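Secondary and tertiary structure notes
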Amino acid sequence: MKLQQYDGYQYTDGGVCAAQGFTANGIQCGLAHKAIGNEDAPKKNNKKNDLALIFSDSKCAAAAVYTTNKVKGAPIAVTRQHISDGIAQAVIVNSVNANTCNADGELKANMMCSFAANALSIDENDVIVASTGVIGQPLPIEPIEAGVPELAAGLSHSGNKAALEAIMTTDTQPKEIAVSFMIGDKKCTIGGMLKGSGMIHPNMATTLTFITTDAAITPQMLQKALSEHVVTTLNRVSVDGDTSTNDMVCILANAKACNDIISSENDDYSVFSKALFIIMRNLAKMMARDGEGATKLIECSCTGAQDEKTAETVAKSVITSSLFKAAMFGEDANWGRILCAVGYAQADFDISCVDVDLSSENGKIEVCRNGAGIDFSEDQAKKVLQAEEIRVEISIGSDSASATCWGCDLTYDYVKINGDYRS
C-alpha cells in the first residue's frame, strides 16, 4: 500500500516501539492448543505468537474507544475501569480466544492484568487488557500465567513485530506504522499496530488497535483527538458488515519527548492531532486491504455533498454493498451496482446530479454522468480494475463537503475462511 506523504511528518520504523520509552514482546504461550477445550483438536497457526505485551517505562496518559456492539468482551469492562483515571502503563493482549460471553470472563481478564503487573512491578490498575479470537469459549488462563514471565523478560525496543504477530488472527499481513514530527523544538513520535481482517464494519472500533506516543498531552486532550479521528478513519472501514464484540483502540502517551504539555486546542494540539490522524488513516487502509480473502483495496470518495455526514453515508453505502464488492473481485465495471448503492443511501441529494468515475494506477474511466450511464471502453475498464487498489469517485452535486471510506472486494476465500473459523 502506498503511503501518502505529509509535510512536516516523517514515516519511521518501529511501530509501537518507535516512541521513546516503549518496549514490546510477543510469544507463543499455547492458547491455540486449548482454544476450543480439546487439546487433541488440530488448530491452525498453532506455532504463531498468541500473547503480547506493550510497556512504557513510566506512567502514561491513556485514552480508548470501544465497540458499539451490545455484547462486549470481558476485557473491555476491565480496561474501562482501569483507565477511568486517564492513566496506564502497559497493555497485555491475547489472540485465539476472545474471552467473551463467559461467566468468568472479567475474573480472567483481571488475572491477566495481575500477571502482567507482577512481572513488571507496576499497579495492576495501570494495565490495559484485550483479547481477540473465538467467542463463547472459556479462556484457558494457565498458559497465559505460565507465559507472562518469559513475555516480560523479553521486552525490547525491537519487540514490535513479535507483539504484532501475537495479536493477529485471520490477518495475512502485518499492520503497523510510525511517524515523527516536531512540537516546538522537540521531536515527537507516534507509532501504532492493528489487527483486523474480518468482522469489520464502520461502527467503532472495528479492530484491536494499539497506539503509543512520547508526546506530552493530557488524558482529556488525548481522548478528544482519538475520538475525533476514529470517526474519519476506523469508522469508515467495512469488510463484511459485522461489528466485533471486542473492538478497541487505545493510546498511551508517556511525555518522554519533553514538549510543553498539550492541555488545550492550541497549535501544538493541531500538530499532534494531525500526526494521530496520519497513523489511524494508514492503519484503517491497511485493514481494508487485508480484509478476509480480499484481493483489492477499494477507496470510495464522495464529493459535492451539502455536509460531511451526507458524503460519508453515500461512500459507506457503496463500500458495504456485497454486489459491488463482488463485481470488483470479478474486475467488472458494473457501474449500475454503484448507482444502486448510492440510491439506497439514507441521505438527501439529487440522483440526477450523480457522476461516477473508476480509477487506479492503470488509468481512469468515466462510467456515469448526471445519473445515467455513458459509453466507455470495457477493455480499458478491465485494465483499470486489474490493479490492487481501486478508487471510486462519486460526485453528488456542487457543494463543498466530502468524505472517504475504505473497503475491499468480496471473494470466494471469504466464505472459506469463515466456514471453518473454529477448526
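Scroll up to find the structure this text is about.
Residues numbered from 1 in each chain as written. Predicted model: local features only at pLDDT ≥ 70, side-chain atom pairs only at ≥ 80, totals over all residues. Heavy atoms only, no water.

**Details of the packing of aromatic side chains**
One pass over the full model with this rule turns up one aromatic pair. Ring centres of tyrosine 9 and phenylalanine 181 lie 5.8 Å apart, and the angle between their planes is 35 degrees; on these two criteria the pair is classed as tilted. Taken together, the positions of tyrosine 9 in the segment before β1 (10–12) and phenylalanine 181 in strand β6 (residues 176–183) put the pair 172 residues apart, joining distant regions of the chain. Across this residue pair, the class does not change: tyrosine 9 and phenylalanine 181 are buried. (Phe/Tyr/Trp six-rings, centres within 6.5 Å; stacked < 30°, edge-to-face > 60°. Helix = DSSP H or I, 4+ residues; strand = E, 2+ residues; numbered from the N terminus. Buried < 20%, exposed > 50% of the residue type's maximum accessible area, 1.4 Å probe, protein only.)

**Re the pairing of strand β2 (residues 22–27)**
Most of β2 is tucked away: six of the six residues are buried. Of the two faces of β2, both are covered, the one formed by Phe22, Ala24 and Gly26 as well as the one formed by Thr23, Asn25 and Ile27. In this sheet, strand β3 (residues 51–66) lies alongside β2 in antiparallel orientation, the contact comprising six bridges. From the neighbouring strand, isoleucine 27 faces β3, where its bridge partner is leucine 51. (Pairing = 2+ DSSP bridges.)

**Let's talk about the environment of serine 238**
Tracing the chain through its elements places serine 238 in the loop between α5 (219–232) and β9 (248–253). Through-space distance from the C-alpha of serine 238 to that of lysine 316 is 7.9 Å; in sequence the pair is 78 residues apart.

**A few points about the sheet that holds strand β12 (residues 363–369)**
Taken together, the six strands give an open sheet; going across it, the order is β13-β12-β11-β14-β10-β15, and neighbouring strands pair in mixed fashion. Two strands close off the open sheet at either side, each with one partner strand: β13 (372–373) and β15 (401–408). Relative to strand β14 (residues 389–395), strand β11 (residues 355–360) is paired through five bridges, and the arrangement is antiparallel. Across the sheet, the residue bridging to leucine 358 is valine 392, located in β14.

**Some words on the pattern of salt bridges**
Two side chains bearing opposite charge may form a pair once their charged atoms approach each other closely. Following the criterion strictly, the structure yields 18 salt bridges and no others. The shortest N-O distance in the salt bridge between aspartate 126 and lysine 59 comes to 3.2 Å. Residue aspartate 126 is located in the loop between α2 (105–120) and β5 (127–131), and its partner lysine 59 is located in strand β3; the two are separated by 67 residues in the primary sequence. Its salt-bridge partner being glutamate 176, residue lysine 161 comes within 2.7 Å of it at the nearest N-O pair. Taken together, the residues lysine 161 in helix α4 (residues 160–167) and glutamate 176 in strand β6 connect sequence positions 15 residues apart. (Salt bridge = Lys/Arg side-chain N within 4 Å of Asp/Glu carboxyl O.)

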